[in-house]
Amino acid sequence: MNIWDYIDFSKWWVIVIVTVINFIMIFSRYVLVSLIFHFVFKVILKDQYASRKISEGLRKPKQNQKEIKWSAITSFIFTLSFVGMMWLYREGKTSIYADASEYGWWYLPFSLVLVLVIHEVYYYFLHRWMHRPKIFKHFHYVHHDSVVTSAWTAFSFHPVESILQSLIVPVIIVLLPLHYGVISIMLIVMTVTATINHLHIEIYPKGFAKNWFGKWWIGSSHHSLHHSKYRFNYGLYFTFMDRLFKTESPDYLPLFEEKTKP
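Note that the structure is a prediction, hence the values are computed from the model and not measured. (Residues numbered from 1 in each chain as written. Predicted model: local features only at pLDDT ≥ 70, side-chain atom pairs only at ≥ 80, totals over all residues. Heavy atoms only, no water.)

**Observations concerning the side chain of histidine 143**
At step 1: If you trace the backbone, histidine 143 turns up in helix α4 (residues 133-144).
At step 2: Owing to a relative accessible area of 2%, histidine 143 belongs among the buried residues under this scheme.
At step 3: At 3.3 Å, the side chain of histidine 143 and the side chain of histidine 227 are in polar contact.
At step 4: Apart from the residues lying within four places of it in its own chain, the contact partners of histidine 143 are Thr153, Ser156, Phe157, Glu161, His198, His223 and His227. (Helix = DSSP H or I, 4+ residues; strand = E, 2+ residues; numbered from the N terminus. Buried < 20%, exposed > 50% of the residue type's maximum accessible area, 1.4 Å probe, protein only. Polar contact = N/O pair within 3.5 Å; in protein donor to acceptor, adjacent residues only side chain to side chain. Contact = heavy atoms within 4.5 Å.)

Here you go:
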């Protein structure tokens, strides 16, 4: 049993309270993670990471405020998706389970990797579609208003894009057996990696360009090139989709090696 089992979705005031609480939690998570990365790498360790900045480009006036505003709207849309997931669970329509041994302990890390890969594939094709000129000008332009990104850019999306992004997780929990813990880790990974990718500072350790991690896991070097060049680097967590479909920027590995050289 967990707290979801005690929520009565037949009462409208319960739905309102659950929505408000979850909005506070989701938006606070975004603010907290963004604040941590901002202060650690742009205030406390500013001098040590000066050479790790992707470019010396300047942010637009009041860009932080605009990004936080869009992120609050995104957080509300993500909240509605999450509350919908809770309702699906209460109706017995999901494959969520509580006993970690039900599918074997090996399945926990396997299902986490699997769900990240599924999310990656969905987002890659969605992202490429959003870059079609007639689509881009309607909503994806909001995210690309941040040419020089920051930790605050992570959730800065037009509402339509936020809705499209939020659709995949409810589908996953209906079709794929997932433990509560795996879902929690997945949501944390989504927030933290989005923040790292938009930080505009390459924070991965020196020397990573020489091993598999730097070549297959997306960081600021990879995603900042997407914001500056648009036609490359559509991935979310991993680089394999960009490599498979030949949309990885030729500048990526040289830039990554430069920013992480020992």
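Structure's up, so let's keep going.
**Describing the packing of helix α1 (residues 12-44) against helix α7 (residues 180-198)**
At step 1: Direction vectors running N to C along α1 and α7 enclose 40 degrees, while the axes themselves pass 10 Å from each other. Of the possible angle classes, the one that applies to α1 and α7 is oblique. Between α1 and α7 the crossing geometry is right-handed. Taken together, the residues of α7 that come into contact with α1 (itself represented by Arg29, Tyr30, Val33, Ser34 and Phe37) are Leu187, Thr191, Val192, Thr195 and Ile196.
At step 2: Of the residues belonging to the contact of α1 with α7, the class tally is 6 nonpolar, 3 polar and 1 charged. (Axes fitted to C-alpha atoms, helices over the stretch in contact; angles between N-to-C directions. Parallel < 35°, antiparallel > 145°, perpendicular 65-115°, else oblique. Left-handed = near helix turned anticlockwise from the far one by under 90°. Nonpolar A, V, L, I, M, F, W, Y, C, P; charged D, E, K, R; others polar.)

**Section: the pattern of salt bridges**
At step 1: In this structure the tally under the stated criterion is 8 salt bridges.
At step 2: In this structure, lysine 66 and aspartate 145 form a salt bridge, with 3.2 Å as the shortest nitrogen-oxygen distance. Of this pair, lysine 66 sits in helix α2 (residues 63-90) while aspartate 145 sits in the loop between α4 and α5 (159-166), and the two are 79 residues apart along the sequence.
At step 3: Linking glutamate 258 and lysine 259 is a salt bridge whose minimum nitrogen-to-oxygen distance equals 3.8 Å.
At step 4: Looking at glutamate 258, the relative accessible area reads 44%, which means it is partly exposed. (Salt bridge = Lys/Arg side-chain N within 4 Å of Asp/Glu carboxyl O.)

**Observations regarding the nonpolar core**
At step 1: Val115, Leu116, Leu178, Met186 and Ile203 are the most contacted members of the largest nonpolar core, which has 57 residues in total.
At step 2: Those elements that provide at least two residues to this core are α1, α2, β1 (96-97), α3 (107-130), α6 (168-175), α7 and α11 (252-260).
At step 3: Per element, the largest residue contribution to this core is 8 residues, and it comes from α7. (Core = buried A, V, L, I, M, F, W, Y, C linked by side-chain atoms within 4.5 Å.)

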